[in-house]
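# Coordinates in review
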Amino acid sequence: MTGNKSLSSVITIIIFGLCCAIGIVAYDQFINTTKTDIAKSNAKTLRIWLEKHRSINQISHLSGSELCVNLDANGCLADKLSAALKSGNLINIRNPFQLGSEAPLVVFGKYKGSDSVSSDLPCNDENFEFFGGVRSSGRPFPSWPSNPQGVIVVLNFKKEPKEATSFLLADIGICGPQGLFKRVGAVRPKGNGSELSN
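A short tour of the structure in this document, coming up. Please read all numbers here as calculations on a predicted model, not as lab measurements.

Here is what the cut-offs are and how they apply
- Residues numbered from 1 in each chain as written.
- Predicted model: local features only at pLDDT ≥ 70, side-chain atom pairs only at ≥ 80, totals over all residues.
- Heavy atoms only, no water.
- Disulfide = S-S within 2.5 Å.
- Helix = DSSP H or I, 4+ residues; strand = E, 2+ residues; numbered from the N terminus.
- Buried < 20%, exposed > 50% of the residue type's maximum accessible area, 1.4 Å probe, protein only.
- Contact = heavy atoms within 4.5 Å.

### Quick notes on the state of the cysteines
- Here the structure, examined in full by the defined rule, presents one disulfide.
- In this model Cys123 forms its disulfide with Cys175; the gap between the sulfur atoms is 2.2 Å. Looking along the S-S bond of the Cys123-Cys175 disulfide, the torsion reads about -110°, which is the left-handed sense. In this pair, Cys123 is assigned in the loop between strand S4 (104-111) and strand S5 (128-135) and Cys175 in strand S8 (residues 168-175), connecting sequence segments 52 residues apart. In terms of burial, Cys123 and Cys175 fall into one category: buried.
- Cys19 takes part in no disulfide bond, and the closest cysteine sulfur to it belongs to Cys20, at a distance of 7.1 Å.

Written out as structure tokens, the structure is:
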């Protein structure tokens, strides 16, 4: 009788341990999926915001670490983004993978490859030239973060050559849970029916 009780206790503990292990893995997957969905939603919100601020003259570096996209005499895009994150209509956007106001939130850069940017590339200097970054607090940061999870990536600013007025074109994506780039969409010129294309 004692041997049967011991055996059934061991089997119960093993089954309980397996259920816990499966539950923990499923929970972690659920949390990562939810955080990724929040990061994608943040990127889409930023894409809409950029759509309103897309007319540009040039891109330049300021003090070696802060990106400035000059908007037709309306100032610097990095300054406008910083203000919108601090107290404007982007105040609720935060990095879902990293807590705190100093978490990296947005990176402006350029894809280093010759073809169009593809998903599943590591978010780092090897694949993307770093122009500038903005934290959740609106403060700038000078280089790719060591942990890029949840960062919104705005890539490949360029002017539409066919238009008399220059418009901001950009690919927008996120760095997912493994730090890999996932394309979310693009900002396109007004009037071609694809302002917020996926």
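Read on for the rest.
### With respect to the environment of Leu46
- Looking at the secondary structure, you find Leu46 in helix H1 (residues 2-52).
- Here Leu46 falls in the buried class, since its relative accessible area comes to 3%.
- Sequence separation between Leu46 and Ile172 is 126 residues; the distance between their C-alpha atoms is 8.8 Å.
- In this structure, Leu46 is in contact with Leu81, Leu90, Ile93, Val106, Ile152 and Val154, ignoring residues within four places of it in sequence.

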